[in-house]
Amino acid sequence: MGPGVGEESLDMLEERKKTILDEIRAHFDGEILVDEREGHEGFLVAPDRLVEFATAAREELGYDYLSSVTGVDYLPDEKMEVVYHFFRSQGGPALVIKTQTPRGNPSVPSLVPVYPGADFQEREAWDLLGIRFEGHPNLKRILTWEGFYGHPLRKDWHEPYYEEDNKPFKSRWPEGDVIRIEDQIPFHKNVHYPEKFSAETWIPEGDAGLYAGLSRVPEKRSGNGQPLKTDQIVVNLGPQHPSTHGVFRMVVTLDGETIVDLQPVMGYLHRNHEKIAERNTYIMNMPFTDRLDYICSMSNNLGYALAVEKLMGIAVPERAEYIRVMMAELTRIVNHLWAIGFLLNDLGAFFTPALYAINERELVLDVFEAVSGSRMMCNYLRFGGLARDLPDGTFEVIKELVTNRLPRKVEELDLYITSNEIVRARGIGVGVLTREQALAYSAAGPVLRASGVAYDVRRADPYSIYDRFDFDIPVRNNGDVYDRYLIRIDEIWQSLRILEQVIRDIPQGEIQTGKSPYQVRVPRGDSYGRVENPKGELGFYVVSDGKPNPWRYHVRAPSFINLTAMGEMCKGQKIADVVAVLGSIDIVLGETDR
Amino acid sequence: MVGEGLIKGLYVTLKHFIGTYIDDIRWLGRRYYRDEAILTRQSPKARGVFTVQYPEEKLPLPEGFRYIPFLVYEEAEDGTIEDRCTSCGICAKVCPPQCIWIERSNDPETGRPIPAPTNFYIDIDICMNCGLCAEFCPFDAIKMDHDYELASYNRLESHIFDKDRLSRPVEYYRSIRPSDYAVEEAARAEKEAAKNARRRAGSA
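Position numbers for residues count from 1 along each chain, tracking the sequence in the order it is written. Lettering for chains starts from A, numbering for ligands starts from 1, and both go in the order in which the items are written. In view of the model being predicted, local features appear only for residues whose pLDDT reaches at least 70, and side-chain atom pairs are presented and counted only at 80 or more, with totals across whole chains, interfaces and linings using the full set of residues. With hydrogens and water set aside, each side-chain value is computed from the structure's full complement of heavy atoms.

Draft legend 1. Focus on the overall build of chain B. What counts as a helix is a DSSP run of H or I of at least four residues, what counts as a strand is a run of E of at least two, and both are numbered from the N terminus. Along the backbone of chain B there are eight helices and seven strands. For the radius of gyration, the atoms used are the C-alpha atoms, and the globule rule reads 2.2 Å times the number of residues raised to 0.38. At 25 Å, chain B has a C-alpha radius of gyration far larger than the 17 Å of a compact globule built from 204 residues. Summarising its shape, the C-alpha atoms of chain B cover approximately 90 × 50 × 35 Å along the three principal directions. Buried means the residue's accessible area, taken with a 1.4 Å probe over protein chains only, is under 20% of the maximum for its type, while exposed means over 50%, and partly exposed covers the values in between. Taken across its 204 residues, chain B has 39% of its residues classed as buried. We call two residues contacting when some pair of their heavy atoms lies within 4.5 Å. Taking the contacts inside chain B whose residues are at least 6 apart along the sequence as the reference set, 60% of them involve residues at least 24 apart. As presented, chain B carries roughly 12,100 Å² of accessible surface, and 56% of it is formed by carbon and sulfur atoms. Computed with a 1.4 Å probe, the accessible areas rest on the Shrake-Rupley method; for each residue, only the protein chains presented here act as cover.

Rendered as structure tokens:
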């Protein structure tokens, strides 16, 4: 284990926040403007200066980590805005950059040459908002299919079962005349096709393009210099495959058994989460966040609550903070147990380790059920607190789990797996991601830390009350499948350490600031709330226009962005290793596809 | 030594394997189909076999468990039924998937709304069991149920619940959520007492 990153105090972080402004001013005097819209943060850069600016931010100011790229459709102003959140891997607050482009023909330069981690995120912004990223190597749709009609996150785009722009819908009360929506809009009427489109004759050019985009098998020569005829084989792994943990597809070019190139294809579970959220009121989104990474609903809730609380400027009572941390860390243990169990499944240890891990997960889920009312779809956090306090007896169960059962069982799992020769043979040196690559591809969470970057949002930019606890940020240096397994075991131990402190210190008291109303007032502005989710940095970018519904709601999904590096990890590996590499990234398709 | 890791691993599985038999012997045939056995089988003290044989065995539900909502009505001593619901519409307004439809009617003479729903529908195919309706209802009139066995053969006909299907007596609510009920009743009694005290002060 290496030393933690930002072991500086909170004051120093505050200090740094102030100096960012001065640094930027000194560097780019007069070329960029501070975003002065009410409640908004960051700087506005003209699109033609963007690449220059980003390069300088990376090379000279040390913002080496591009966390999030997204677009916002400002329909009334006839503008599209692209928002970038940069961070330093040493820790500290965000550098927020925005660039605006006319809505009629939105186009900004691509940042992929500077930050390769922008790849999928820019494709997503093109897909959902129709913003062109000039110079992007592969600007194709990523979550919807190639023949999709329009760009669904635009404010004037309507979904098939469209009723009204915003919830609550007027037809529900007081004249609630029940209808089944699918009766009112039969299937064939709710689908838009592009002009001149015929489902009978259409050939998915997306796939042809996809295959053409893969790199070729290099030409081989025999001993006497004559070219050998070799076949390039394209294999589709998935979308229906037990190793893909859901509906996920990888297109692979093979030279024999060696992988030449790999492209992940996703979106089979796409439901336009962000559009749904923009129709919803703020509180309605809480249960929807459960359904992103459905293994970690408690910490998803936390990320969203933080983003909205930042906008509202409300504080959370002590006891609620402690319970939030308790639930987030229990979630981390649950997720890592699950990830380890299923990684072993992917390696061929069919279900015995997975079931040992799931046993313990079951006990934590029982705690979640008692606390929140549901095992997986917890919907437990509220703005300014929690939905309810811990019920009688639950605290004792958690204490028993944390101090007795879980340490014993994690030790057993460690004994069972870590020194196993097959696991070592399948894991060591497989799917290597170097430190530089991990940062460049915006990898997050265990994937980033297994590559030797001690970056953990809990330490780098502390939220909630994480600055009070004594814990280490585990780091592993080889960046292979085996290290990504080990880091998860390390992190479970650190979570248990935090939980012991929570159990020791948790105070009595209120769990909610004021009364939680059914419609919250959120002042104008934008905010980026991020948490260290078990799978990596989960961010929520929320823009409020002062109305009951968010104007923009974006999820920086760690499962999605971690896949950017998937191709890089697999090149040169054998086909059987793809499954192990994917298992070690640990994705959940509910979050990847949103 | 090559193979040491494998042997250590096999030791763990062997321990689990033997553990189940030891645990069976300790329970001596009382291990299955008994409430006390089910309670320990999936608890932090659990050893041996962990699984519960659903549907013969069922795990006890915690009080906070939430499934499809129901409406609470009160029955007076003379048998008249009074809905707690006043059709204020807060549940329909806070419902994230918008699966609640409430029909409110007006008094034909005064033209004012009648404070009880004429009808109340929940489409349980759409309901996401989030519990926000129960949480924000100011009259404690809509609560989350514990009955999760709702599978049916006909989705189109039987999955929109109307007021009759949704209504349950207050005793049922007390039986599934005793401590929530106690807290609410205490708050209600306090409010009532304060109101009476005000009234008395006003008349004096």
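Draft legend 2. Just the overall build of chain A, in detail. Helix and strand content of chain A: 20 helices and 19 strands. By the compact-globule yardstick of 25 Å for 594 residues, chain A fits well, its C-alpha radius of gyration being 24 Å. Based on the C-alpha atoms only, the size of chain A along its principal axes is roughly 80 × 60 × 60 Å. Sorting the 594 residues of chain A into buried and exposed places 61% on the buried side. Pairs at least 24 residues apart make up 69% of the contacts formed inside chain A by residues separated by at least 6 positions. With an accessible surface of roughly 22,500 Å², chain A has 52% of that area assigned to carbon and sulfur atoms. Think of it this way: Lys and Arg go in the positive column, Asp and Glu in the negative one, and His and the chain ends go nowhere. Charge placement uses NZ in Lys and CZ in Arg. For Asp and Glu, CG and CD serve respectively. Of the side chains in chain A, 67 bear a positive and 89 a negative charge, and the two mean positions are spaced by 2 Å.

Draft legend 3. A look at the interface of chain A and chain B. Of the residues lining the interface, 52 residues belong to chain A; the matching set on chain B comes to 49 residues. Each of two parts loses accessible area, computed with a 1.4 Å probe, when they are put together; buried area is these two losses added. When chain A packs against chain B, the two sides together hide about 4,500 Å² of surface, and 58% of this comes from carbon and sulfur. Among the residues chain A hides against chain B, the three largest losses belong to A:R172, A:W173 and A:Y518. Together they make up 17% of the total. Between Lys or Arg on one side and Asp or Glu on the other, a salt bridge is scored when a side-chain nitrogen of the former is within 4 Å of a carboxyl oxygen of the latter. A salt bridge links A:R382 to B:E135; the nearest nitrogen and oxygen atoms lie 2.6 Å apart. N or O atoms closer than or at 3.5 Å make up a polar contact, with two conditions inside protein: a donor-capable atom paired with an acceptor-capable one, and, for residues adjacent in sequence, both atoms drawn from side chains. Taken together, the connections running from chain A to chain B amount to 22 residue pairs in polar contact (both at pLDDT 80 or more).

Draft legend 4. Inspection of the side chain of A:N335 at higher detail. Residue and element names in this part refer to chain A. By the element assignment, N335 lies in helix α9 (residues 318-346). Take N335: its relative accessible area is 0%, and that puts it in the buried class. In terms of polar contacts, N335 uses its side chain to reach the side chain of K535, at 2.4 Å. When near neighbours in sequence (up to four residues on either side) are disregarded, N335 contacts I295, C296, P534, K535 and D586.

Draft legend 5. Geometry of a positive patch on the surface. Together, A:K515, B:K191, B:K195, B:R198 and B:R199 line one region of the surface with positive charge. Inspection of the secondary structure assignment puts A:K515 in the loop between α16 (481-505) and β17 (525-533). Note that patches include only residues with greater than 30% relative accessible area and no salt bridge, and the join distances are 9 Å for like charges and 5 Å for nonpolar side chains (Val, Leu, Ile, Met, Phe, Trp, Tyr).

Draft legend 6. Highlighting unusual backbone geometry. Residues and elements named next belong to chain A. Following K167, the chain continues into P168 via a peptide bond in cis, with omega recorded as 0°. One can find P168 in the loop between β7 (132-134) and α4 (181-184). W173 connects to P174 through a cis peptide bond whose omega is 0°. Relative to the helices and strands, P174 resides in the loop between β7 and α4.

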